[in-house]
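Commentary on secondary and tertiary structure
Okay, here's what each chain looks like letter by letter:
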Amino acid sequence: MSKKQIKLIVNGKEEIIEVNPYESLLKVLREYLGLTGAKRGCDYGGCGVCTVVVNGKAVYSCMYPAIKAEGKEITTVEGLYKNGKLHPVQKAFIDANTVQCGYSIPGAIMSAYALLLNNPNPSDEDIKEAFSGNLCRCSAGYYWPEAIKLAIKYMKQRES
Amino acid sequence: MNKQALIEEIEKQYYIIGKPVERIDAKPKVTGEAIYGYDLVFPKMLYGKIKHSSIPHGIIKRIDTSKAESLPGVRAVITGKDIPDHRYGLVLFDRYLIAKDRVRFIGEAVAAVAADTPEIAEKAVNLIEVEYEELPAVFDPEEAIKQDAPILHPDLRKYGTSKVSAPWIPFDMPNLNNYRRVVFGNVEESFKKSDVIVENIYETSMVQHAHLEPQSCVCIYNYDDTFTVYTSTQTPFRLRFELSLALNVPENRIRVVSPYVGGGFGNKLTIYAEPIACILSKKTRRPVKIVLTREEVFTFTTVRPPTRIYVKDGASRDGKILARQVRFYINGGAYSGGSGIAVYTYLAAQALATYKPESVKFEAFSIYTNLPPQGPLRGVGPAILDFAFERQMDILAKKLGLDPIEIRLRNISKQGEENIYGEIVDEDYSKVLLTAYDALMKKIKESNEEPTHPWKRGIGYALSSKYSLAPTASSATVKLREDGVIEVFIGSTEIGMGNYTAMQQIVAEEFQIPMERVSIAAAADTEFSPFDEAQMSSRTTVSLGNALVLACRKLKRKIAEYAANKLNEDPDHLEVKEGFVVSKRNPDKKIRLEDLFARGKIRTGTFLEGEGELIASANWFIQAGIDKETGRIYDKYGNKVFERVVNFYTPTGVASEVWVNVETGHIKVKRLVTVVDAGKVINPKLVEGQIIGGSAMGISIALFEGLQWQNGYALNPNFADYKLIQHADLPEIIAIATETPLPHGPFGARGVGEAGLLVSDAIPNAVSNAIGKEVKKIPLMPEYILKLLAE
Ligand code: FES
């Protein structure tokens, strides 16, 4: 199988890479671009630790073929942390006590980020739905809804 | 410490103990900067892959690796022939790192490959041909002890064992690999006196840890004939020991380094792919990385073993348990699983600590079967046995017309008295139970939500206690750096509990300096870190915390002695606090810590005067044990042979409200209160996180979890078919930490990492209460509930 050149926009930066047609976006992010924030947990969309945002939508990057991401905008957890400043969602995840082993956290943060991108005032049901693809063995995501609420508050503060 | 001094210690205003300090690992974890074992890459690194057995029991007749070897990109292929003739284990040395002649479960390693890419390695593994001669297999512990059962380890009696914790096999029983007995009083006589007898059989399922970071290691064979092993582990030091056995290499030739660990829950307490990667690295002279797939985590690593528990209780009319007789069968799998065979056999019996019947006879049998090996899982034995014991309490209460809280209170081990093993009780069991009860009642009153058909409400409690094992030890080293920062060296890994933060807080407290003035330096590297047993058994806060307090106090004394000359003051009158050494009788006599050695810069650079740095180390160790025949600290003649069986207990009281749909069998946990006695809370945020996390896992185990097998083949080794609790299934959880000081805990603290899991023992009671039928096995699958309802 021959490699194919693709262009991705990762965290606002254009990247040109050669990928094998069977390679996942997760592999490209972690192994070609050194972005290890998205984690690997199962390889079949069962745990959500690989969640990243593609054109505004949360996806399992382990099941997302890299070539399908051609020309698309990808945001990973690294992309939220800019100029030494935590994104409101990241700060909220700390303050809501979500962090234990941390392995599920980048994926959960990206699910939260995608939710708020499309829906700045989510209902409890929307929040449940947004995290339906994320497992967390340390706390089962007990504090995640609280983190969403805090993030909304921090975002409003940032705007004012 | 006497009681008065203890109370004073607890009541004094703390500098930072008890404050909700932000975790020091929070920021790297939310930005994606935290590096886990899974993330590591090295120059020239190869990728390893394991070939697993495809049958549950058999002899390896032939392995053909030629096709794999000729695949381009393959750098090495190894089989049982390439490994030392040495078995490894922690307690019982019963396993080769790759099967040599015989396989005993599906998942066991039979060969391995190192290749340029993971894809090539996978292809190569599929090209390896293995021919087996199948042997009869056995999957049930009570089948495996029958006289005509297939014997998994005919040479068991010849295997090496640990010197300190060898298994006990006092009689011949097929496939028995460990046994424990507790004999207290005379159950025969107590049964005769009993007004009621309740006898039941309980079953628990096979549970997988399902930590989200699969095991991952990079092993490097170095030019000087040493190995460097980067791996995701809860125990760098034990791992080094097991590796040394498996590889037949002295421990001083192995260095184990562990970065952040993406969860462990007991699974990462033994070796898996590490020795295989070591051999592959030695063969190829290149670093070799092996990451397990999710399916491998389910089938190749350890599990919480399925168990069957026979309990017979005799009680008096007023609800006092007179006799408790237990037979506990552990479906232990094909190998000893590191410390697996010790925790379920030896330590599980500590579940009996909570209550004090007049007499007890307990027997635990750990049995080989052709399934994955047993390994510790958060809450280990008590979480399993207390399911049975707490069910018994409710069934007894019902029979006697007593309140479930009342019957428990009538039977608890009382503070200041001896428990059934002879240990002096310093736990307050009634407090955790009553606190849980009150909090739930208040919650229910506040809400006016009432279930309507087909939902039925049930309330259930559990009173339980998580032991922390002993003997155990932790060492710690603290150093005053020339810049005044206190640098901490510990051998503990951060698997998620927040122990680095809590340990940093303890040092900050001792020196009364802000968190930023303390730095946790080389953590979890056997080359530089002082010894620590493992991150397990809720032991770190007490064990390592104590070692740190001792080390800090030594260092403060050293600093005072060193500063005495400079300040022209008697060291006994000097105090080290808030970044200064200061005289207690003349506060003007003081010096900043960073001024102790530094004299500033000269033209050619910087130099330090005097000692340059001050360093102190301490080891904290606790002795413990039992007389084997009695299972207590007293032998049968009444001589005391040990002071304690375990380090301490963490009492836990749970109150739960569930709603059961009597048409579908579905269960909703509506409200949950988990009360854990933390002794003294070091950091309320961390303690709450542990209680909530343990509770969530406890609900998950009670309601959903079971790894299913058919003839040795796993039916659901993936997240689609093995259900774990998710955020949407969670009720509101009220986490409460009570504080009954542990006399020998740092600042009175106890460990709280596992206790929340004991929630799994309350939910079955609530469900039984809702449906009016007695639940006797977990998980509580809807089909099972419907079956009970139809009876
Ligand atoms: S924080 Fe460990 S899995 Fe979520």
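What counts as what
Residues numbered from 1 in each chain as written. Chains lettered and ligands numbered in written order. Predicted model: local features only at pLDDT ≥ 70, side-chain atom pairs only at ≥ 80, totals over all residues. Heavy atoms only, no water. Helix = DSSP H or I, 4+ residues; strand = E, 2+ residues; numbered from the N terminus. Rg over C-alpha atoms; globule rule 2.2 N^0.38 Å. Buried < 20%, exposed > 50% of the residue type's maximum accessible area, 1.4 Å probe, protein only. Contact = heavy atoms within 4.5 Å. Areas by Shrake-Rupley, 256 points an atom, 1.4 Å probe, with all protein chains shown as cover. Lys, Arg positive; Asp, Glu negative; His and termini not counted. Charge placed at Lys NZ, Arg CZ, Asp CG, Glu CD. Salt bridge = Lys/Arg side-chain N within 4 Å of Asp/Glu carboxyl O. 1 Å grid on protein atoms, 1.4 Å probe; cavity = no way out; pocket = protein on both sides within 12 Å on 5 of 7 lines; lining within 4 Å. Points joined across faces, edges and corners; volume = space filled by probe spheres on them. Nonpolar A, V, L, I, M, F, W, Y, C, P; charged D, E, K, R; others polar. Buried area = accessible area lost by both parts, 1.4 Å probe. Polar contact = N/O pair within 3.5 Å; in protein donor to acceptor, adjacent residues only side chain to side chain. Expected span 1.5 Å × (residues − 1). Pairing = 2+ DSSP bridges. Domains from an automatic or database assignment. Axes fitted to C-alpha atoms, helices over the stretch in contact; angles between N-to-C directions. Core = buried A, V, L, I, M, F, W, Y, C linked by side-chain atoms within 4.5 Å. Left-handed = near helix turned anticlockwise from the far one by under 90°.

Examining the overall build of chain B
Of the regular secondary structure elements, chain B holds 18 helices and 31 strands. The C-alpha radius of gyration computed for chain B amounts to 27 Å, which stays within 12% of the reference 28 Å derived for 791 residues, consistent with globular compactness. Reported as C-alpha extents along the three principal axes, the dimensions of chain B are approximately 90 × 70 × 60 Å. Put simply, chain B has 791 residues, and 66% of those count as buried. Pairs at least 24 residues apart make up 79% of the contacts formed inside chain B by residues separated by at least 6 positions. Accessible surface, chain B: about 28100 Å² in total, of which carbon and sulfur atoms supply 49%. Here chain B contributes 97 positively and 100 negatively charged side chains, and the mean placements of these two sets differ by 1 Å.

Looking at the pattern of salt bridges
Residue and element names in this part refer to chain A. Scanning all chains against the criterion turns up 66 salt bridges over all chains. For Asp95, the salt bridge goes to Lys91, with nearest N and O atoms at 2.8 Å. Linking Asp95 with Lys91, this pair stays in helix H3 (residues 88-95), spanning 4 residues, or about one helical turn. The exposure class of Asp95 is partly exposed, given its relative accessible area of 24%.

Re the layout of surface pockets
Of the volumes computed, that of the largest pocket is approximately 1200 Å³. Elements that contribute at least two residues to the lining of the largest pocket include exactly strand E7 (176-184), helix H7 (236-247), helix H10 (340-347) and strand E17 (472-480) of chain B. A breakdown of the residues in the lining of the largest pocket according to their chemical character gives 23 nonpolar, 9 polar and 8 charged. Of the volumes computed, that of the second largest pocket is approximately 960 Å³. Forming the walls of the second largest pocket are 35 residues, and the residues nearest its centre are Lys27, Glu31 and Arg40 of chain A together with Pro118 and Glu119 of chain B. It is helix H4 (residues 118-127) of chain B that provides the largest number of residues to the lining of the second largest pocket, a total of 6 residues. Among the residues forming the lining of the second largest pocket, the class breakdown is 16 nonpolar, 6 polar and 13 charged.

Observations concerning the interface of chain A and chain B
Across the contact, 47 residues belong to chain A and 55 residues belong to chain B. Between chain A and chain B the total buried area reaches about 4000 Å² when both faces are included, carbon and sulfur atoms providing 58% of it. Our count for the contact surface shared by chain A and chain B stands at 4 salt bridges. For Arg30 of chain A, the salt bridge is made with Asp39 of chain B, and the minimal N-O distance between the two is 2.7 Å. The interface formed by chain A and chain B contains 26 residue pairs in polar contact (both at pLDDT 80 or more). Among the elements of the structure, helix H1 (25-32), helix H2 (77-80), H3, helix H4 (105-118) and helix H5 (124-130) of chain A are those that each provide at least two residues to the side of chain A that touches chain B.

Here's the deal with helix H15 (residues 540-567) of chain B
The end-to-end C-alpha distance of H15 of chain B is 38 Å, a good match for the 40 Å that 28 residues give at a rise of 1.5 Å each. Looking one or two residues past H15 of chain B, Asn568 of chain B carries a phi angle of roughly 55°, positive in sign.

Brief notes about the pairing of strand E9 (residues 216-221) of chain B
All names here are of chain B. Judged by how many residues are buried, E9 sits mostly within the fold: 6 of 6 residues are covered. Along E9, one buried face is formed by Ser216, Val218 and Ile220 and the opposite face, lined by Cys217, Cys219 and Tyr221, is buried too. Sheet analysis places E9 next to strand E12 (residues 288-291), joined by 4 bridges and oriented antiparallel. Residue pairing for E12: Cys219 is matched across the bridge by Val288. Pairing between E9 and strand E10 (residues 227-231): 5 bridges, direction antiparallel. Bridge assignment links Tyr221 to a residue of E10, and that residue is Phe227.

Things to note about the domain arrangement of chain A
Residues and elements named next belong to chain A. Segmenting chain A into domains produces domain 1 (4-79) and domain 2 (80-159). Here the C-alpha centre of domain 2 lies 20 Å away from the C-alpha centre of domain 1. Across the boundary between the two partners, domain 1 contributes 19 residues, which contact 18 residues of domain 2. Interface of domain 1 and domain 2: buried area, both sides summed, is about 1400 Å²; carbon and sulfur atoms make up 58% of it. Here domain 1 and domain 2 share 0 salt bridges between them. Here domain 1 is connected to domain 2 by 10 residue pairs in polar contact (both at pLDDT 80 or more).

Some thoughts on the sheet that holds strand E26 (residues 648-661) of chain B
Residues and elements named next belong to chain B. Across the sheet, 4 strands lie side by side as E16-E26-E27-E30; this open sheet has mixed pairing. Two strands bound the open sheet, and with one partner strand each, they are strand E16 (455-468) and strand E30 (732-738). Between one strand axis and the next, the sheet turns through 15° on average, direction left out of account. Relative to E26, E16 is paired through 14 bridges, and the arrangement is antiparallel. Along E26, the bridge assignment pairs Gly460 with Ser656.

Some details on the domain arrangement of chain B
Residue and element names in this part refer to chain B. For chain B, the domain assignment lists domain 1 (3-34 + 472-622), domain 2 (37-137 + 209-300) and domain 3 (381-417 + 428-470 + 628-790). At the interface, 33 residues of domain 1 touch 30 residues of domain 3. At the boundary of domain 1 with domain 3, total buried surface from both sides reaches about 2400 Å², with 67% on carbon and sulfur atoms. It is Ser537, Ser538 and Val542 that lose the most area in domain 1 upon contact with domain 3, and together they represent 24% of the buried surface on that side.

Examining the nonpolar core
Counting residues in hydrophobic clusters, the biggest one holds 158 residues, and the most contacted among them are Phe93 of chain A together with Phe362, Ile763, Val767 and Leu780 of chain B. Among the elements that make up this core, the one with the highest residue count is helix H11 (residues 380-400) of chain B (12 residues). Not counting residues up to four positions away in its chain, the partners in contact with Ile763 of chain B are Ser656, Val658, Val669, Ile699, Ala702, Leu703 and Leu780 of chain B. In terms of nonpolar packing, the next biggest core, distinct from the first, is built from 56 residues, Leu480, Ile490, Met503 and Ile591 of chain B among them.

Quick word on the packing of H11 of chain B against helix H17 (residues 763-771) of chain B
Between two packed helices, both the angle of their axes relative to each other and the distance between the axes serve to describe the pair. All names here are of chain B. For the pair H11 and H17, interaxial distance at closest approach is 9 Å and the crossing angle is 35°. You can see that H11 and H17 cross each other, and the crossing is right-handed. Of H17, the residues touching H11 (which contributes Phe387, Glu390, Arg391 and Asp394) are Pro764, Asn765 and Ser768. Grouping the amino acids of the contact of H11 with H17 by side-chain chemistry returns 2 nonpolar, 2 polar and 3 charged.

As for the sheet that holds strand E4 (residues 102-103) of chain B
All names here are of chain B. If you walk across this open sheet you meet the 3 strands as E4-E2-E6, and the pairing is antiparallel. Both outer strands of the open sheet, E4 and strand E6 (129-134), are each paired with one neighbouring strand and no more. One ladder, built from 2 bridges, connects strand E2 (residues 58-64) with E4; its direction is antiparallel. Bridge pairing in E4 places Ile59 opposite Arg102.

Brief notes about the side chain of His87 of chain A
Residues and elements named next belong to chain A. Position of His87 among the secondary structure elements: in the loop between H2 and H3. In this structure the side chain of His87 is engaged in a polar contact, spanning 3.0 Å, whose partner is the backbone nitrogen of Val89. With sequence-adjacent residues up to four places away left out, His87 is seen in contact with Leu80, Tyr113 and Met155.

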